Amino acid sequence: MKINDSLNSTQGLPSSPATPRADKAGDNSAKVTTTPSINVQISPMSVQLQTMQRTQSSGAVFEAKKVEEIKLAIAEGRFQVDAEKVADGLLETVKDLLNARRQPT
């Protein structure tokens, strides 16, 4: 295995001489620099997405009432599985996974 010193051979980066640091304990001549203020605007879509994210993170991912109904139906023997619907859902999931793998990133 060949190991290159890639840090010293970076292309396209300007080389600048090392500048000494002023980290001395008695040095009180700190320079104060001001930077121009920058205006940043958040798009309405971004605000909407942030609101949706807060709503989703605070709420449940599923409906508890619906889950309780299904649990009760299973316990009472009333719950029936539609095998065709389950198979269609599985096939759709597999197709999505295969398509996701084929798409270049």
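Structure first, text after, so check above.
Sequence order as written defines residue numbering, which begins from 1 separately in each chain. Restriction of local features to residues with pLDDT of at least 70 applies here, the model being predicted, together with a cutoff of 80 or more for giving and counting side-chain atom pairs; totals for whole chains, interfaces and linings are based on all residues. The side-chain figures draw on all heavy atoms in the structure; neither hydrogens nor water molecules are used.

Here's the deal with the overall build of the protein chain
Thought 1: For helices the rule is a DSSP run of H or I covering at least 4 residues; for strands it is a run of E covering at least 2, with both sets numbered from the N terminus onward. Within the protein chain, the secondary structure is distributed over 3 helices and 0 strands.
Thought 2: Looking at the protein chain residue by residue over its 105 residues, the buried ones come to 1%.
Thought 3: Approximately 11,300 Å² of the protein chain is accessible, and the part contributed by carbon and sulfur atoms is 56%. Residue burial is assigned from relative accessible area. The probe radius is 1.4 Å, only protein chains are included, and a residue is buried under 20% of its type maximum, exposed over 50%, and partly exposed in between. Per-residue and other accessible areas follow the Shrake-Rupley method at a 1.4 Å probe size, with only the shown protein chains counted as cover for residues.

Thoughts on a negative patch on the surface
Thought 1: Residues forming no salt bridge and having over 30% relative accessible area are the ones grouped into patches, like charges within 9 Å of each other and nonpolar side chains (Val, Leu, Ile, Met, Phe, Trp, Tyr) within 5 Å. The working definition used for a salt bridge is a side-chain nitrogen of Lys or Arg within 4 Å of a carboxyl oxygen of Asp or Glu. We count Lys and Arg on the positive side and Asp and Glu on the negative side, and we leave His and both chain ends out. Lys charges are placed at NZ, Arg charges at CZ, Asp charges at CG and Glu charges at CD. On the surface, a cluster of negative charge is made up of D82, E84, D88, E92 and D96.
Thought 2: Secondary-structure assignment places D96 in helix α3 (residues 83-102).

Things to note about the pattern of salt bridges
Thought 1: Counted by the stated rule, this structure contains 2 salt bridges.
Thought 2: For K71, the salt bridge identified is with E68, shortest N-O distance 3.9 Å. With K71 and E68 both in helix α2 (residues 64-76) and 3 residues apart, the pair spans about one turn of that helix.
Thought 3: Assessed through its relative accessible area of 47%, E68 is described here as partly exposed.
Thought 4: Here E76 and R78 are joined by a salt bridge, their closest N and O atoms 2.6 Å apart.

Side note on α2
Thought 1: Residue count minus one, scaled by 1.5 Å, sets the expected span of a helix. The end-to-end C-alpha separation of α2 is 18 Å, in line with the 18 Å expected for 13 residues at 1.5 Å each.
Thought 2: Phi turns positive one or two residues past the end of α2, at G77, with a value near 80 degrees.

Description of a nonpolar patch on the surface
Thought 1: A surface patch of nonpolar side chains, amounting to about 560 Å² of accessible area, comprises I70, I74, F79, V81, V86 and L90.
Thought 2: Going through the elements one at a time, α2 and α3 are the ones with two or more residues in the nonpolar patch.
Thought 3: Tracing the backbone shows I70 in helix α2.

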